[in-house]
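Structural overview for review
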Amino acid sequence: MRAEWSWERAREALPVLWDGFQITLLATVLGFALAAVLGLVIAIIRRTMPRPIAAPVHAVSEFVRLTPLVVQLLFAYTLFTQFSALQIGIVVLGIHYSSYLAEVYRAGIEAVPKGQWEAARALSLPPTRTWGAVVLPQAIRASLPALGTNAVSMFKDTPFLFAISVVELVTAAQQFGARNFAYLESITMAGVFFLVASYPTSVLIRRLEKRLAYY
């Protein structure tokens, strides 16, 4: 097996890897958008709804959080054959990570000072106004660093989409390596793509976390 590095092979891999990276980025952005909205809904339901409603929602969320992402992908891919593999992957990623973000939001909501809730009640604000103008702005602000961390985690979990035949970045690298006997170049370049995309985001998250700590 060839083990020496070839810059020519690395250059040839770039267009293929770029196509895979776009799929990875699309799955991450749309999946995280779904997770952010659904996670917030779950957190609010658990906080505001009666136990007969909140308990089953919590149970389902825990089940999703504690079962492997690959198993969920394969299950959905087998069951929902009318949708494309990428569509299924985006939705499953979103649902899976919504269970984590629900916990993030829950912690943010609980971090809102009790005096804020009492002030809203003293002003006779309706529940929608209390949540929209008082609670959620503070809760989401406190949750931003953890939300960013989960976004990076989702980005790094997109290679699991190979299980349902989505040609994301890592799968594209494997396929190029198999066709051209250039695994060293393709896999290395895929790692560089992940690093270049993830590292600046991680730095921004750390800076945001430090900045919010002062307020």
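Below you will find a few notes about this structure.

Some remarks on the pattern of salt bridges
Any two side chains of opposite charge can pair if their charged atoms end up close together. Here the structure, examined in full by the defined rule, presents five salt bridges. Here glutamate 62 makes a salt bridge to arginine 65, at a shortest N to O gap of 2.7 Å. Linking glutamate 62 with arginine 65, this pair stays in helix 2 (residues 51–66), spanning three residues, or about one helical turn. What makes glutamate 62 buried here is its relative accessible area of 19%. A salt bridge links arginine 106 to glutamate 110, with the nearest nitrogen and oxygen atoms 3.1 Å apart. Here the residue arginine 106 and the residue glutamate 110 both occupy positions in helix 4 (residues 85–110), the gap between them amounting to four residues, near one helical turn. Given the relative accessible area of 29%, arginine 106 is considered partly exposed.

Here we look at the side chain of threonine 28
Within the fold, threonine 28 resides in helix 1 (residues 7–48). Under the relative-accessibility criterion, threonine 28 is labelled buried at 8%. Setting aside chain neighbours within four positions, we find threonine 28 in contact with Ala151, Met154, Phe155 and Thr158.

Notes on the nonpolar core
Within the largest apolar cluster, 31 residues are counted, with the highest numbers of intra-cluster contacts made by Leu101, Tyr105, Ile109, Val135, Leu161 and Ile164. Of all the elements in the fold, those that place two or more residues in this core are helix 1, helix 3 (69–79), helix 4 and helix 6 (127–157). For this core, the element with the most residues is helix 4, which contributes 10 residues. Look past the residues within four positions of isoleucine 164 in its chain and what remains in contact with it is Leu73, Leu74, Tyr77, Ala85, Ile88 and Gly89. Counting residues in hydrophobic clusters, the runner-up holds 13 residues, among them Ala13, Phe155, Ala173 and Phe176.

A few points about the packing of aromatic side chains
Tallied over the full model, the rule gives seven aromatic pairs. Measuring from ring centre to ring centre gives 5.5 Å for tryptophan 117 and tryptophan 131, while their planes differ by 85°; the resulting arrangement is edge-to-face. One end of the pair, tryptophan 117, is in helix 5 (residues 114–122); the other, tryptophan 131, is in helix 6, and 14 residues separate them in sequence. You'll find tryptophan 117 and tryptophan 131 in the same group, each marked buried. In this structure an aromatic cluster arises from ring pairing among Trp18, Phe21, Phe155, Phe193 and Phe194. The residue whose ring lies beneath arginine 47 is tryptophan 117, and the NZ or CZ to ring-centre distance is 4.7 Å.

Quick notes on the rules
Residues numbered from 1 in each chain as written. Predicted model: local features only at pLDDT ≥ 70, side-chain atom pairs only at ≥ 80, totals over all residues. Heavy atoms only, no water. Salt bridge = Lys/Arg side-chain N within 4 Å of Asp/Glu carboxyl O. Helix = DSSP H or I, 4+ residues; strand = E, 2+ residues; numbered from the N terminus. Buried < 20%, exposed > 50% of the residue type's maximum accessible area, 1.4 Å probe, protein only. Contact = heavy atoms within 4.5 Å. Core = buried A, V, L, I, M, F, W, Y, C linked by side-chain atoms within 4.5 Å. Phe/Tyr/Trp six-rings, centres within 6.5 Å; stacked < 30°, edge-to-face > 60°. Lys NZ or Arg CZ within 6 Å of the ring centre and 35° of its normal.

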